[in-house]
Amino acid sequence: MSNHAEAQVANNKKTEKVFSWPNLVAKEFIAAILCTVILLVYSYYVDAPLRELANPGEPENPAKAPWYFLGLQEILVYFDPWIAGVIVPSIILVGLMAIPYIDVNPKGNGGYCFRDRRFAITVFLFGFIFWYALIVVGTYMRGPFWSFFWPWETWSFDFPTPPPSVSLPNWLGIPALLIYFGLGMLVPAVAFWKFAKQLGFIRYNITMMLLLLMLGMLIKMALRLMFNVKYVLQTPWFNI
Amino acid sequence: MNLILFLIRKLTETEVWKSVFRHGYTDTPRNRALQTISNVWLHLHPVKVPKHAVKIRYTWCLGGLTFFIFLYLTVTGVLLMFYYVPDVNRAYADMIDLMYVVPLGRLLRTSHRWAGHAMVITVCFHMLRVFLTGSYKAPRQFNWVLGVLLLVLTFLLSFTGYLLPWDQLGYWAIMVGTNMGAATPVMGYQGPFADLLGVKINNDVRFALLGGTQIDAPSLLRAYVWHCIGIPIIAGALMILHFWRVRKDGGISGPL
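Residues numbered from 1 in each chain as written. Chains lettered and ligands numbered in written order. Predicted model: local features only at pLDDT ≥ 70, side-chain atom pairs only at ≥ 80, totals over all residues.

Contact with chain A, which involves 63 residues of that partner, is made by 71 residues of chain B. Those elements that provide at least two residues to the side of chain A that touches chain B are β1 (17-19), α2 (20-45), α4 (81-102) and α5 (118-140) of chain A. For the side of chain A that touches chain B, the element with the highest residue contribution is α2 of chain A, accounting for 16 residues. Considering only residue class, the side of chain A that touches chain B consists of 40 nonpolar, twelve polar and eleven charged. (Contact = placed C-beta atoms within 7 Å. Helix = DSSP H or I, 4+ residues; strand = E, 2+ residues; numbered from the N terminus. Nonpolar A, V, L, I, M, F, W, Y, C, P; charged D, E, K, R; others polar.)

Structure follows, in structure tokens:
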């Protein structure tokens with residue numbers, strides 16, 4: 001067989017089709033039944049939580065949001081509420097929606113393949129795991145007054161002494177931010193020139209800005225944990 | 001035996017039977033195709049799908065499971081609405097009734113709650129699956145955007161349901177959540193630039209969410225209406241678009 005004919009055969013094999021009934025429908029049916037059974041059995045043995053009647057005069061300590069928002073509540077430790085509760089989720093959502101428009105790599109459509117999409121998959125998985133890691137910390141390792149406890153430690157209800165916090169003075173913070181974002185935008189453009197050119201100017205800037213914001217969050221968290229840094233930028237209207 | 005077969009044949013030849021079931025069930029390609037296209041529920045599917053698409057290890061059934069759990073939540077949710085009244089003086093007592101008095105009420109309420117959590121999990125992992133298989137790439141970009149919106153709506157559906165039991169858990173969780181809303185720049189009374197539009201505690205975004213300056217009867221009613229009517233309608237509309245686009249954008253993603 002010639003190469004061309006072989007390619008033809010391979011191509012036909014790829015798009016080989018089967019009837020939805022019963023090949024697809026049967027599997028969906030089984031999945032639905034299994035899902036129902038698991039739900040009912042689990043619900044039979046594990047009751048849904050129901051605490052005492054709501055009492056505005058008696059705050060829960062710790063008061064926790066539903067688990068899927070605990071990542072955001074967890075970063076309240078490191079950022080002011082307007083960032084943790086509003087700006088961060090907004091950027092995440094806009095960033096998620098932007099993905100198909102900034103990822104111009106045509107490879108890897110329709111299969112699990114890391115080799116063709118190293119950058120995209122690494123960044124996405126990092127963000128996905130970051131989100132869930134924060135949820136795990138918020139769910140299992142935060143006790144009264146949102147103090148940190150390892151899962152095997154018993155919660156104490158003593159109000160913890162807040163650590164002495166320092167803020168970077170603006171003469172240090174502003175240049176640090178400018179250098180971080182400036183170099184962050186420039187260095188990859190030079191080091192990975194082909195990648196940047198493939199993306200084009202606008203896509204490259206959006207991609208790198210989203211990436212730098214995500215990594216910046218991690219850096220700010222590290223600064224807080226290691227050096228008790230409260231803010232890196234202070235203005236009369238808001239602090240970051 | 002012959003009698004039974006004879007009766008079945010007679011039955012399936014009647015006008016009534018034929019008016020309900022349009023085609024036979026003999027295993028022929030024609031009947032397999034008709035089974036999909038002449039059934040209103042099944043014609044969501046194409047008659048034929050690529051072979052790789054029916055592999056469990058390609059989709060993990062995650063999108064379908066998410067939709068199925070949504071249907072499960074709709075059914076159990078409607079049943080719960082027969083017993084639950086969103087009134088601060090009654091809501092908690094209705095929960096206790098569901099747990100101890102209503103036949104199967106405990107299973108109903110508990111499985112509704114766990115199904116809500118399950119849907120958040122399956123929708124997140126559906127997104128991961130779609131990402132890892134590169135299924136958002138052209139021409140499916142816009143369907144990914146719709147998917148992100150549906151992810152948000154799933155969070156909101158679950159979140160609005162959290163307050164309904166009117167217990168300490170829900171009350172203080174909603175307190176945490178809506179207080180973050182108060183910190184919205186410009187539109188929240190505690191956020192930066194709140195003065196720009198003269199935003200105060202009684203006209204900001206948190207006030208709109210709660211129907212007041214604190215969590216009280218209007219907040220419970222708002223959570224209830226959004227949870228049972230508002231968000232399901234919006235999510236349902238987007239789901240129609242989402243599924244329709246899967247078909248129109250060339251069916252399930254596949255190797256190019």
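Moving on: the environment of Thr66 of chain B. Residues and elements named next belong to chain B. One can find Thr66 in helix α5 (residues 62-81). Among the residues examined, Thr66 registers 23 C-beta atoms within 10 Å and is labelled buried. Between the C-alpha atoms of Thr66 and Cys124, which are 58 residues apart in sequence, the distance is 9.6 Å. (Buried ≥ 20, exposed ≤ 12 C-beta atoms within 10 Å, placed from the backbone.)

As a further point, take the packing of α2 of chain A against helix α7 (residues 105-132) of chain B. Close contact between α2 of chain A and α7 of chain B brings their axes to 9 Å; oriented N to C, the two are set at 120°. Between α2 of chain A and α7 of chain B, the crossing angle belongs to the class labelled oblique. In this structure, α2 of chain A crosses over α7 of chain B, and the sense of that crossing is right-handed. Every residue of α7 of chain B that contacts α2 of chain A at Leu39, Leu40, Tyr42, Ser43 and Tyr44 of chain A is listed here: Leu107, Thr110, Ser111, Trp114, Ala115 and Ala118 of chain B. Looking at the contact of α2 of chain A with α7 of chain B residue by residue, the class counts come to eight nonpolar, three polar and no charged. (Axes fitted to C-alpha atoms, helices over the stretch in contact; angles between N-to-C directions. Parallel < 35°, antiparallel > 145°, perpendicular 65-115°, else oblique. Left-handed = near helix turned anticlockwise from the far one by under 90°.)

Once that is clear, we can look at unusual backbone geometry. In this chain, Trp21 of chain A is followed by Pro22 of chain A through a cis amide linkage whose omega measures 5°. Structurally, Pro22 of chain A can be placed in helix α2. Here Ala138 of chain B and Pro139 of chain B are connected by a cis peptide whose omega angle stands at 5°. Mapped onto the elements, Pro139 of chain B comes out in the loop between α7 and α8 (141-163).

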